[in-house]
Amino acid sequence: MMLEIGDRPWGKYYVLADEPNYKLKRIEVNPGQKLSYQYHHKRQEQWTIIEGDATVVLDDKEISLKYGESIFIPLGAKHRMMNLSDKPVVFIEVQTGTYFGEDDIVRIEDEYDRN
């Protein structure tokens, strides 16, 4: 059962679990799209690629990830997921911390002019 489905300009996310001590999402990024460059005050994240070839920016460094590879996003680290390929990128995001609301997103840069 999906707890929540979010449509975004870059693709979609599905909340698979939302518990007091973690939140689990499946995130789909359309070809050529990127999430905002952002950071969080109250959560860290672990991303695992389950489809496609992803490019992650972590504190201004670009990292390529393929199927089965993971990256840890520490609390407060600036990060963004980019799909520079012509096929969808799908990843699983595990959030841990003290708060998992969408309002704990500080956007530094956004392709879609969101704050």
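Everything discussed here concerns the structure shown above.
Thresholds, definitions, all that
- Residues numbered from 1 in each chain as written.
- Predicted model: local features only at pLDDT ≥ 70, side-chain atom pairs only at ≥ 80, totals over all residues.
- Heavy atoms only, no water.
- 1 Å grid on protein atoms, 1.4 Å probe; cavity = no way out; pocket = protein on both sides within 12 Å on 5 of 7 lines; lining within 4 Å.
- Points joined across faces, edges and corners; volume = space filled by probe spheres on them.
- Helix = DSSP H or I, 4+ residues; strand = E, 2+ residues; numbered from the N terminus.
- Nonpolar A, V, L, I, M, F, W, Y, C, P; charged D, E, K, R; others polar.
- Buried < 20%, exposed > 50% of the residue type's maximum accessible area, 1.4 Å probe, protein only.
- Contact = heavy atoms within 4.5 Å.

Caption draft 1: The layout of surface pockets, seen in detail. Within this model, the largest pocket holds a volume of roughly 210 Å³. Lining the largest pocket are 22 residues, with W10, L35, Q38, E102 and I105 positioned closest to its centre. Mapped by element, the contributors of at least two residues to the lining of the largest pocket are β3 (22-29), β5 (43-51), β9 (79-82) and β10 (89-97). Partitioned by chemical class, the residues of the lining of the largest pocket number eight nonpolar, five polar and nine charged.

Caption draft 2: Structural detail: the environment of I63. Along the chain, the position of I63 falls in strand β7 (residues 61-65). Note on I63: relative accessible area 22%, which makes it partly exposed. Taking the C-alpha atoms as reference points, I63 and E109, 46 residues apart in sequence, are found 18 Å from one another. Setting aside chain neighbours within four positions, we find I63 in contact with A54, T55, V56, L58 and I71.

Caption draft 3: The environment of G97, seen in detail. Residue placement: G97 occurs in strand β10. Distance from G97 to E45, taken between C-alpha atoms, is 8.7 Å for residues 52 residues apart in sequence. In contact with G97, not counting residues within four places along its chain, are N21, K42 and R43.

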